[in-house]
Amino acid sequence: MIVLGIESTAHTFGVGIIKDKEVLANVKDSYTTEEGGMIPFKAQEHHVKVCDEVIKNALETAGINMKDVDLISFSQGPGMGHTLRVGAMTARTLSIVNDIPLIGVNHCIAHLTIGEELTGAKDTVLLYVSGANTQVIAYEGGKYRIFGETLDMGIGNFLDSFARNMGLGFPGGPKVAALAEKSKNYIELPYTVKGMDVGFGGLMTNLKDKLKKGFDKKDLCYSVQETVFSMMVEVAERALAHTGKKELLLGGGVACNTRLQEMCKQMCEARGCKFFIIENQYLVDNAAMIAVQGKVEYESGKRTTDSTIRPYERTDDIEITWK
Ligand code: ATP
Ligand code: FE2
C-alpha cells in the first residue's frame, strides 16, 4: 500500500510517501526566521508558496506518480488553524481530483506511532517534547492517556522564546544547545514539576531578569538545558514507574537534543528499561509519520468522514483502533 502524507500543523509543510513499512520520500520545507518568532499568517503564506514544489519533489524522490498512491493522509490537528488549513485543502483536492481515499490523523499520535513502527517498540511511554507540545503519553484502556504535560508553554516554544530574548533567531532550540556546549557552569534556576506536570513560565521570567542583569549567555544556556531536561526525565521516570512499562520513546523536535537523549538513556539504564530514539528527520515535524499514521488507521478500518481541521484536538480524544 502506497500512502502519501501531508504535514502542516505549524512551521513545516511536508510530504511523505511510504510503501508498506518503507519510507520512499520524506520531503519538507520549513518556515524559519533569522530574528524574531513565527507569525502564523507568514507560515501560512510560506506553505501556500511551497506546497506544489514539495509534492512534486516527494513524488520524484519516491519514483512514483500520483496515480500510484492508494491513500492520502493529512494532519487534521492539533496545530495552528492558518497552516492546518493549507494541508487539509491540499489533501482534499488531491483526493478528489485523483479519486484517492482521504484520512485525517492526529499529529501528536503520529509522533508516537512512527517511533514504534521504526524501532519495533510495542508498549512505550512517549516523552513528546516539541514546540507547542510537552506531554508524557502512554496507552491504557483503548486510548493514549496523557500522564503529564506542561501547565503553560511547550518546552520547544520556551527554548525558542529564551533564544529570541537573547537576540537569536527561530528555531532557538539548536542555538541554545550550541551555546550550552561551551559551558559547564551551572547557575541555580527555578525547577517546576507538579506531580507529572511541568511548567516553564516562572523560569522564563527568571531568565529574562538574569539576561537583563548581564549573566553569561553560555552559562544560562547550559543551566537551562540541565534544568528543563531534568524536569522532563523526572516526569518520564514517574510515568514508567506508575504504568509499569519498560520502554521509553522520545519524540518531537526537542528530542533531537543530544543532552536530553543522554539523560533519558541514563535514567532508563538505571531502571532496567529500554530507550528508543529514531533519526532526527522523523523526530521533528515530518510527513512520513503522517503517512505511517494514515496507513495503520486505514488498515484498522478507520475512515474519515469529516475532513475539517481540528486545531484543538487532544491526544486522549482519539479512539485507538489499531493496537
Ligand atoms: P508540534 O506541532 O508537535 O508541537 P512543532 O511544530 O513544535 O511540533 P517540531 O519540529 O516537533 O515542531 O519541534 C520544533 C521545536 O524543536 C522547536 O521549538 C525547536 O527549537 C526545537 N528543537 C529542534 N532541534 C533542537 C535541539 N537540538 N535541541 C533543542 N530543541 C530543538
Ligand atoms: Fe510535532
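Since the model is a prediction, treat every value here as computed from it, not as a measurement.

Draft legend 1. Structural view of the domain arrangement of the chain. For the chain, the assigned domains are domain 1 (2-110 + 282-317) and domain 2 (122-279). On a C-alpha basis, the centres of domain 1 and domain 2 stand 26 Å from each other. Taken together, the 19 residues of domain 1 in the interface contact 23 residues of domain 2. Together domain 1 and domain 2 conceal approximately 1700 Å² of surface at their shared face, both sides included; 62% is due to carbon and sulfur atoms. The interface formed by domain 1 and domain 2 holds 1 salt bridge in total. Here Arg314 ties to Glu149 by a salt bridge, and the two come within 3.2 Å at their closest N and O atoms. Here domain 1 and domain 2 share 6 residue pairs in polar contact (both at pLDDT 80 or more) between them. Among the elements of the structure, helix 3 (107-119) and helix 9 (280-283) are those that each provide at least two residues to the side of domain 1 that touches domain 2. Among the elements that take part in the side of domain 1 that touches domain 2, helix 3 stands out by supplying 3 residues, more than any other.

Draft legend 2. Looking closely at the site of ligand 1. Every one of the 24 residues lining ligand 1 counts as a neighbour, but Tyr128, Ser130, Gly131, Asp160 and Asp285 are closest to it. Here an oxygen atom of ligand 1 sits 2.3 Å away from a polar atom, N or O, in the side chain of Tyr128. In this structure, Asn133 approaches ligand 1 through a side-chain N or O atom, which is 3.0 Å from an oxygen atom. Burial of ligand 1 by the protein amounts to 91% of the accessible area it has alone, namely 640 Å². When each cavity is represented as a set of grid points, ligand 1 is found to reside in the largest pocket. For the shell around ligand 1, the secondary structure elements donating two or more residues are helix 3, helix 4 (155-165) and helix 5 (173-180). The element best represented in the shell around ligand 1 is helix 4, accounting for 3 residues. Tallied by class, residues from the shell around ligand 1 come to 9 nonpolar, 13 polar and 2 charged.

Draft legend 3. Structural detail: the packing of helix 4 against helix 6 (residues 201-212). Axis separation between helix 4 and helix 6 bottoms out at 10 Å; the angle between their running directions is 15°. Between helix 4 and helix 6, the angle is such that the two are roughly parallel. Both helix 4 and helix 6 take part in a crossing whose hand is right-handed. Seen from helix 4, the contacting residues are Phe158, Ser161, Phe162 and Asn165; seen from helix 6, they are Leu203, Met204, Leu207, Lys208 and Leu211. For the contact of helix 4 with helix 6, the class distribution of residues is 6 nonpolar, 2 polar and 1 charged.

Parameters at a glance
- Residues numbered from 1 in each chain as written.
- Chains lettered and ligands numbered in written order.
- Predicted model: local features only at pLDDT ≥ 70, side-chain atom pairs only at ≥ 80, totals over all residues.
- Heavy atoms only, no water.
- Domains from an automatic or database assignment.
- Contact = heavy atoms within 4.5 Å.
- Buried area = accessible area lost by both parts, 1.4 Å probe.
- Salt bridge = Lys/Arg side-chain N within 4 Å of Asp/Glu carboxyl O.
- Polar contact = N/O pair within 3.5 Å; in protein donor to acceptor, adjacent residues only side chain to side chain.
- Helix = DSSP H or I, 4+ residues; strand = E, 2+ residues; numbered from the N terminus.
- Near = heavy atom within 4 Å.
- Areas by Shrake-Rupley, 256 points an atom, 1.4 Å probe, with all protein chains shown as cover.
- 1 Å grid on protein atoms, 1.4 Å probe; cavity = no way out; pocket = protein on both sides within 12 Å on 5 of 7 lines; lining within 4 Å.
- Sits in = over half its atoms within 2 Å of the grid points.
- Nonpolar A, V, L, I, M, F, W, Y, C, P; charged D, E, K, R; others polar.
- Axes fitted to C-alpha atoms, helices over the stretch in contact; angles between N-to-C directions.
- Parallel < 35°, antiparallel > 145°, perpendicular 65-115°, else oblique.
- Left-handed = near helix turned anticlockwise from the far one by under 90°.

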